[in-house]
Amino acid sequence: LLAQALRYLNILPPPTGLYHTANTSIVYHAKKVLALGEGGAPYNLRMLCNGIVETLGAVSTNIEGSNSFTAHPKIDPDSDEMVTFSYNVEDKPYVRVGFVDADGEAEKTIPVHGVSRPVMIHDMALTQNYVFVFDMPLIFDPVMMVKENKLPFALREDIPGRFGLLRRDAVDDKKMEWFEVPGGFWVSHEANAWEDEDSEKVHLVAIKISGFDLGSVWQEEDREKPYLAHWSFDLETKEVTHQPLLSDEGQVMEFPVINPRYKCKKSKYVWVNLAERMNEDYYFVRIGKVNVDAGLLDADDGLEAVIHLPPGLNCGEMRFVPRHEDPDMCDGEDDGFLIGYVHENDNSGAYFVVYDAKTMSSNMLCKFRMPTRIPFGFHGYHINESEFANQLA
C-alpha cells in the first residue's frame with residue numbers, strides 16, 4: 001500500500017514507468033521534444049505549426065534497470081550527448097547514471113553504489129569531463145507521510161551531505177570522487193558547472209536550500225533563505241570551498257538559468273529569480289543578473305542588474321535565448337533575451353513576455369496576454385526554428 005501511495009504521488013515510478021504527470025520540465029534532444037517528471041519515463045511531444053501540442057507517447061529512459069528519469073538531464077552543447085540519472089527508494093543501487101548519444105541511443109548505464117541510503121535527488125550537473133551526483137541528506141522517511149501527512153523525506157542536519165564526481169568516460173563508479181560537506185541543506189537547481197583549465201578544481205553554481213518544507217523555508221524569518229551559491233572542489237587536496245554569489249537581503253532566490261551555449265564551460269553570467277514577501281506569501285517579482293566573477297570576489301558586487309516586474313505581476317522560471325542562432329553574430333555571452341510567463345497576483349490571467357538579457361531594462365520588449373490562464377509551472381524550454389523543423393514525426 002505504501003508503494004502504491006508513493007507511486008500516486010510520483011515519488012516512485014509505476015512498474016512500467018508510464019502514466020505519470022511528466023509536468024516538471026521539458027527538453028529537446030535527438031530531434032524529440034521530451035516532457036519530463038522524475039516519477040517515470042519521458043513523454044515524446046510534437047509541436048505543430050498551428051500551436052497544437054501532440055503527445056506521441058512514452059519513450060525509453062535509456063537507463064538500464066530503471067523506469068524513472070530525472071526532470072533535469074544535462075545536454076552537452078558541443079557533443080549533444082545527454083547525461084541523465086534516476087533514483088529510487090526501494091532497492092539498491094539507489095542511483096543510476098545514464099548516457100545517451102546525440103542520436104538518442106543508450107551508450108551506457110553506471111550504477112552508483114556509493115549512494116548507500118535512499119535519498120531524493122532533484123537535479124544534477126555536468127562538466128566537460130565529470131557528472132555531479134548530489135547525495136544530500138534528504139533521506140526517505142515513510143513515517144513522515146503516515147504519521148505527519150507530509151512528503152516522506154526528511155532533511156537531516158546530523159548527517160553530512162556529499163557531492164560525487166563521476167568521470168564521463170568511466171565504465172563504473174569505483175573511482176568516483178566524493179566530497180563531504182555539512183548536513184542540513186540540499187541542492188534544488190544547478191545553474192552551471194565547469195573545470196579550471198589550469199588547476200585540479202571543479203566548480204558548481206547552484207541554489208542551496210536549508211530546509212525541505214518550503215513553507216517554513218520561505219516564511220520563517222530566522223531561517224536562511226534559498227540562495228545562489230558557488231562551490232569549488234579540489235581534486236588534488238579534496239578541499240571544498242563554498243560561498244554565496246550575491247548578498248543575502250532576506251530574499252528567496254530560485255530558478256537559475258544561463259546561456260545554454262555555455263553549459264559544461266565557465267560562464268560569467270547567471271540569471272536568477274528574486275522573490276519578495278507580499279502579505280503572507282513570496283512572489284518572484286524581480287529577475288537578477290549575477291556576475292559570477294564579481295560575486296566570487298565580493299558578494300556585495302555579484303548582482304549586476306535587476307529587472308523589476310510591473311506591479312501586480314509575478315513570474316516563473318525565465319529562459320535565456322541567444323539573440324542569434326549563429327553564435328558568431330552574438331555580442332558576448334549575455335546577448336540574448338529572457339522569455340517566460342508572468343502571472344497576475346490574483347491568478348486571473350497570464351502573459352508571455354520578453355526582456356533584454358543584456359541591458360536588463362525593466363521595459364518589456366513584448367507582452368502577449370494569453371487567451372486562457374496559464375497555470376503556474378516549473379521549468380520551460382525554448383525550441384528554435386531548426387529544432388522545430390527537425391522534429392521526428
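Located above this text is the structure these notes cover.
Here's a quick rundown of the structure. Quick caveat, the model's predicted, so the values are computed rather than measured.

Rules and cut-offs
- Residues numbered from 1 in each chain as written.
- Predicted model: local features only at pLDDT ≥ 70, side-chain atom pairs only at ≥ 80, totals over all residues.
- Heavy atoms only, no water.
- Core = buried A, V, L, I, M, F, W, Y, C linked by side-chain atoms within 4.5 Å.
- Buried < 20%, exposed > 50% of the residue type's maximum accessible area, 1.4 Å probe, protein only.
- Helix = DSSP H or I, 4+ residues; strand = E, 2+ residues; numbered from the N terminus.
- Contact = heavy atoms within 4.5 Å.
- Phe/Tyr/Trp six-rings, centres within 6.5 Å; stacked < 30°, edge-to-face > 60°.
- Lys NZ or Arg CZ within 6 Å of the ring centre and 35° of its normal.
- Pairing = 2+ DSSP bridges.
- Axes fitted to C-alpha atoms, helices over the stretch in contact; angles between N-to-C directions.

### What to know about the nonpolar core
The nonpolar side chains of soluble globular proteins are, as a tendency, buried together.
Next up, step 1: Grouped together as the largest cluster of nonpolar side chains are 65 residues, with contacts concentrated most on Val97, Phe132, Phe134, Phe163, Leu204, Leu228 and Trp231.
Next up, step 2: The greatest single-element share of this core, amounting to six residues, is contributed by strand 16 (residues 201–209).
Next up, step 3: The residues touching valine 97, leaving out its near neighbours within four places in the chain, are Val83, Thr84, Phe85, Lys108, Thr109, Ile110, Val112, Val131, Val133 and Leu166.
Next up, step 4: Residues Val257, Ile307, Tyr351 and Met360 belong to the second largest nonpolar core, which totals 22 residues.

### Comments concerning the packing of aromatic side chains
Next up, step 1: All chains considered together, the criterion is met by 12 aromatic pairs.
Next up, step 2: Taking the centre distance of 6.0 Å and the plane angle of 40° together, the rings of tyrosine 269 and tryptophan 271 count as tilted. Summarising the burial analysis for this pair, tyrosine 269 and tryptophan 271 share the class buried.
Next up, step 3: Seen in terms of ring centroids, tryptophan 271 and phenylalanine 320 are 4.8 Å apart; in terms of plane orientation they differ by 35°. Their pairing is tilted. Of the two residues, tryptophan 271 is situated in strand 20 (residues 269–278) and phenylalanine 320 in strand 24 (residues 319–322); the sequence distance between them amounts to 49 residues. Neither tryptophan 271 nor phenylalanine 320 differs from the other in exposure class; each is buried.
Next up, step 4: Linked through ring pairs, Phe132, Phe134, Phe163, Phe179, Phe185, Trp231 and Phe233 together constitute an aromatic cluster.
Next up, step 5: Geometry around phenylalanine 99 places lysine 108 over its ring, the cationic atom sitting 4.7 Å from the centre.
Next up, step 6: Across from the ring centre of phenylalanine 185, 4.8 Å away, lies the NZ or CZ of lysine 208, which sits over that ring.

### Some remarks on the sheet that holds strand 15 (residues 186–195)
Next up, step 1: In spatial order, the strands read 15-16-17-18; together these four strands make up an open sheet with antiparallel pairing. The open sheet has two edge strands with one neighbour each: strand 15 and strand 18 (240–244). With direction set aside, neighbouring strand axes in the sheet form an average angle of 25°.
Next up, step 2: Here strand 16 runs beside strand 17 (residues 227–234); their pairing, made up of eight bridges, is antiparallel. Residue pairing across strands places valine 205 opposite histidine 230, the latter belonging to strand 17.

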